[in-house]
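Residues per chain, in single letters:
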Amino acid sequence: MGQVLLDVDAMRAAAQDAAGLLRTLGNVDRLLLLCQLTEGEFCVSELEERTGIHQPTLSQQLGVLRSMALVETRRQGKNIYYRIADERALKLLKTIHDLYCG
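Throughout what follows, the structure given in this document is the object of discussion. (Residues numbered from 1 in each chain as written. Predicted model: local features only at pLDDT ≥ 70, side-chain atom pairs only at ≥ 80, totals over all residues. Heavy atoms only, no water.)

## Focus on the pairing of strand β3 (residues 79-84)
- Where strand β1 (residues 42-43) meets β3, 2 bridges bridge the pair, whose relative direction is antiparallel. Bridged to Phe 42 within β3 is Tyr 82.
- Connecting strand β2 (residues 71-76) to the next strand, β3, in antiparallel fashion are 2 residues, including Gly 77 with a positive phi near 60°. (Pairing = 2+ DSSP bridges. Helix = DSSP H or I, 4+ residues; strand = E, 2+ residues; numbered from the N terminus.)

Okay, here's the thing in structure tokens:
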């Protein structure tokens, strides 16, 4: 039987990516925002109403999510809409939802 060689460098890079995502999800406000965004796209005022997270904390946490490339935005008039940009994060969030909120 042949032994399968693991690409340790690739595994290390993937582990670093996963650890970064898990650190980001480790903040209650960011996790709550992302959980809301699993339901679709929302503007800032809708997110504030749905989560109870108020300014400036809301903007700060959305900025972190943008810098981590977890959310994308689009502008419509005066409103900025947020949606989840990372498909892997969306799958993980849905699993978390099923385990803890389902």
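## So, the nonpolar core
- Core analysis: the biggest nonpolar cluster contains 20 residues, and Leu 34, Leu 47 and Leu 62 have the highest contact counts within it.
- Listing elements by their share of this core, those giving two or more residues are α1 (8-25), α2 (28-37), α3 (44-51), α4 (57-67), β3 and α5 (87-100).
- Per-element accounting of this core gives the leading share, 4 residues, to α2.
- Setting aside residues up to four positions removed in sequence, Leu 34 forms contacts with Leu 25, Leu 65, Leu 70, Val 71, Ile 84 and Leu 93. (Core = buried A, V, L, I, M, F, W, Y, C linked by side-chain atoms within 4.5 Å. Buried < 20%, exposed > 50% of the residue type's maximum accessible area, 1.4 Å probe, protein only. Contact = heavy atoms within 4.5 Å.)

## A few points about the pattern of salt bridges
- Evaluated as defined, the whole model comprises 5 salt bridges.
- Between Arg 83 and Glu 41 there is a salt bridge whose closest N-O contact spans 3.1 Å. Here the residue Arg 83 occupies a position in strand β3, and Glu 41 occupies one in the loop between α2 and β1, the gap between them amounting to 42 residues.
- Residue classification places Arg 83 among the partly exposed positions, given a relative accessible area of 28%.
- As a salt-bridge pair, Arg 88 and Asp 86 come within 3.4 Å of each other at their nearest N and O atoms.
- Linked through salt bridges whose partners overlap, the residues forming this network are Glu 41, Glu 72, Arg 74 and Arg 83. (Salt bridge = Lys/Arg side-chain N within 4 Å of Asp/Glu carboxyl O.)

## What about the side chain of Arg 30?
- Note that Arg 30 resides in helix α2.
- Buried charge without a partner: Arg 30 forms no salt bridge, and the closest opposite charge is Asp 29, 8.0 Å away.
- Here Arg 30 is in contact with Arg 23, Thr 24, Gln 61, Val 64 and Leu 65, once residues within four sequence places are set aside. (Lys, Arg positive; Asp, Glu negative; His and termini not counted.)

## Here we look at the pairing of β2
- Where β2 and β3 come together, 6 bridges link them in antiparallel fashion. Paired with Thr 73 across the bridge in β3 is Tyr 82.

## Brief notes about the state of the cysteines
- Under the counting rule described, the total for this entry stands at 0 disulfides.
- The thiol of Cys 101 is not disulfide-bonded; the next cysteine sulfur, from Cys 35, is found 5.7 Å away.
- Here Cys 101 falls in the exposed class, since its relative accessible area comes to 51%. (Disulfide = S-S within 2.5 Å.)

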